[in-house]
Amino acid sequence: MEAALGLMRRIPPKHTETALSALLGLLPHYSSDLLSQVDQPLQVLCDVDSGKEFILCEYNRDADSYRSPWSNKYHPPLEDGPHPSSELRKLEIEANEVFSIYRDQYYEGGSSSVYMWEDENEGFVACFLIKKDGSKAAYGRRGYLQAGSWDAIHVIEVGPEEEGITHYCLTSTVMLSLTTNNQSSGTFSLSGSIRRQMNMDLSIADGHLCNMGKMIEEMESKLRNSLDQVYFGKTKEMVCTLRPPAEVLQMRIPDS
């Protein structure tokens, strides 16, 4: 199991589904562990009752059905699927509305979903998801991407309240994949994923949603900076070393 998880961490996100399917065939007795611990590129489905899109993941799945955060119904229909309590459902509805505004301001489109459920420690868990398709056929018409996607998964474990203070544990994963194919840049493909964790003890005076939002905003800023430095920064450094721009070559090689 440890070797399988290590392998999946090194697989580019765009090949995750193929690799995971092969591992499930080789290790069927570890299927539940693999499906719960391996992050896959997010998929989107339309809720026919609300007319809105929602994101599919392991956190809103039961059997082969997925619960929509908009209508609180499973698609395809499932009679005995789990649902959050009435109090937690109210917070889930509010979180989806607020997170939609956050998504539009930071991502200028895409899809987002928030799911919540009770845990065994008298607290609850919240999952915030964002998917942005940057290909020319979707939201990337302004750019040069032939294909591209940004998948962000934020899972926050919220502990029970103790004297007005609650412990929050945020685990965030971002999967990035992009491909260009045009005359100026040529054909180029880059993909990867990054995961980070953050723990904080915060007062609930402003409410859980405010605290979780601040943590996600701070974490996403750190993840974007890390991706920019690790993936784009190192790639640019290697490309410029192997194939220096024409103006650099002219500076290095004097005319004879």
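Source: prediction; values computed, not measured.

How each quantity is defined
- Residues numbered from 1 in each chain as written.
- Predicted model: local features only at pLDDT ≥ 70, side-chain atom pairs only at ≥ 80, totals over all residues.
- Heavy atoms only, no water.
- Helix = DSSP H or I, 4+ residues; strand = E, 2+ residues; numbered from the N terminus.
- Buried < 20%, exposed > 50% of the residue type's maximum accessible area, 1.4 Å probe, protein only.
- Polar contact = N/O pair within 3.5 Å; in protein donor to acceptor, adjacent residues only side chain to side chain.
- Pairing = 2+ DSSP bridges.
- Axes fitted to C-alpha atoms, helices over the stretch in contact; angles between N-to-C directions.
- Salt bridge = Lys/Arg side-chain N within 4 Å of Asp/Glu carboxyl O.
- Phe/Tyr/Trp six-rings, centres within 6.5 Å; stacked < 30°, edge-to-face > 60°.
- pLDDT = per-residue confidence, 0-100.

(A) Examining the side chain of histidine 75 more closely. Structurally, histidine 75 is set in strand S5 (residues 74-75). Using a relative accessible area of 12% as the deciding quantity, one classes histidine 75 as buried. In terms of polar contacts, histidine 75 uses its side chain to reach the side chain of aspartate 47, at 3.2 Å.

(B) A look at the side chain of arginine 67. Here arginine 67 shows up in strand S4 (residues 65-67). Note on arginine 67: relative accessible area 4%, which makes it buried.

(C) A look at the sheet that holds strand S3 (residues 61-62). Here three strands make up an open sheet; going across it, the order is S3-S4-S5 and the pairing antiparallel. Both outer strands of the open sheet, S3 and S5, are each paired with one neighbouring strand and no more. Direction of pairing for S3 relative to S4: antiparallel, over a ladder of two bridges. The partner of aspartate 62 across the bridge, within S4, is serine 65.

(D) Looking closely at the sheet that holds strand S7 (residues 124-133). Strands sit in the order S6-S7-S8-S9-S10 across an open sheet of five strands; the sheet is antiparallel. Of all the strands in the sheet, just strand S6 (111-118) and strand S10 (186-203) have a single pairing partner and so form its edges. Geometrically, the sheet is characterised by an average inter-axis angle of 10° between neighbouring strands, direction not taken into account. Taken together, the eight bridges between S6 and S7 define a ladder with antiparallel strand orientation.

(E) View of the pattern of salt bridges. This structure, assessed with the given rule, holds eight salt bridges. A salt bridge links aspartate 49 to lysine 73; the nearest nitrogen and oxygen atoms lie 3.8 Å apart. Taken together, the positions of aspartate 49 in the loop between strand S1 (43-47) and strand S2 (52-56) and lysine 73 in the loop between S4 and S5 put the pair 24 residues apart, joining distant regions of the chain. Owing to a relative accessible area of 46%, aspartate 49 belongs among the partly exposed residues under this scheme. A salt bridge links arginine 89 to glutamate 92; the shortest N-O distance between them is 2.4 Å. Within this pair, arginine 89 and its partner glutamate 92 are both found in helix H4 (residues 86-107), separated by three residues, close to a single helical turn. Owing to a relative accessible area of 12%, arginine 89 belongs among the buried residues under this scheme. Three or more residues joined by partner-sharing salt bridges are found here, namely Arg67, Arg89 and Glu92.

(F) Fine view of the pairing of S2. Pairing of S1 with S2, which is carried by five bridges, proceeds in the antiparallel orientation. Bridge assignment links valine 44 to a residue of S2, and that residue is isoleucine 55. Hairpin connection between S1 and S2: a loop of four residues separates the two successive antiparallel strands, and glycine 51 in this loop has a positive phi of roughly 75°.

(G) Quick peek at the packing of aromatic side chains. Evaluated as defined, the whole model comprises five aromatic pairs. Aromatic side chains phenylalanine 99 and tyrosine 102 sit 5.3 Å apart centroid to centroid with 5° between the ring planes, which places their arrangement in the stacked category. One end of the pair, phenylalanine 99, and the other, tyrosine 102, are both in helix H4, three residues apart, so they sit about a helical turn from each other. Here tyrosine 107 and tryptophan 150 contribute two aromatic rings whose centre-to-centre distance is 6.2 Å and whose plane-to-plane angle is 55°, an arrangement assigned as tilted. With a gap of 43 residues between them, tyrosine 107 in helix H4 and tryptophan 150 in strand S8 (residues 145-158) connect regions that are remote in the sequence.

(H) Structural view of the confidence of the model for the protein. Mean pLDDT over the protein works out to 85, with 90% of the residues at or above the 70 mark. By mean pLDDT, helix H6 (residues 246-252) is the weakest element of the protein at 57, and S6 is the strongest at 96.

(I) Main features of unusual backbone geometry. Across the junction of histidine 75 and proline 76, the peptide omega takes the value -10°, indicating a cis bond. Locating proline 76 in the fold gives a position in the loop between S5 and H4. Its identity is not glycine, yet alanine 63 carries a phi of approximately 60°, on the positive side. Inspection of the secondary structure puts alanine 63 in the loop between S3 and S4. For alanine 63, a relative accessible area of 48% gives the class partly exposed. A positive phi angle, close to 55°, is found at glutamate 108, a residue other than glycine. Residue position: glutamate 108 is located in the loop between H4 and S6.

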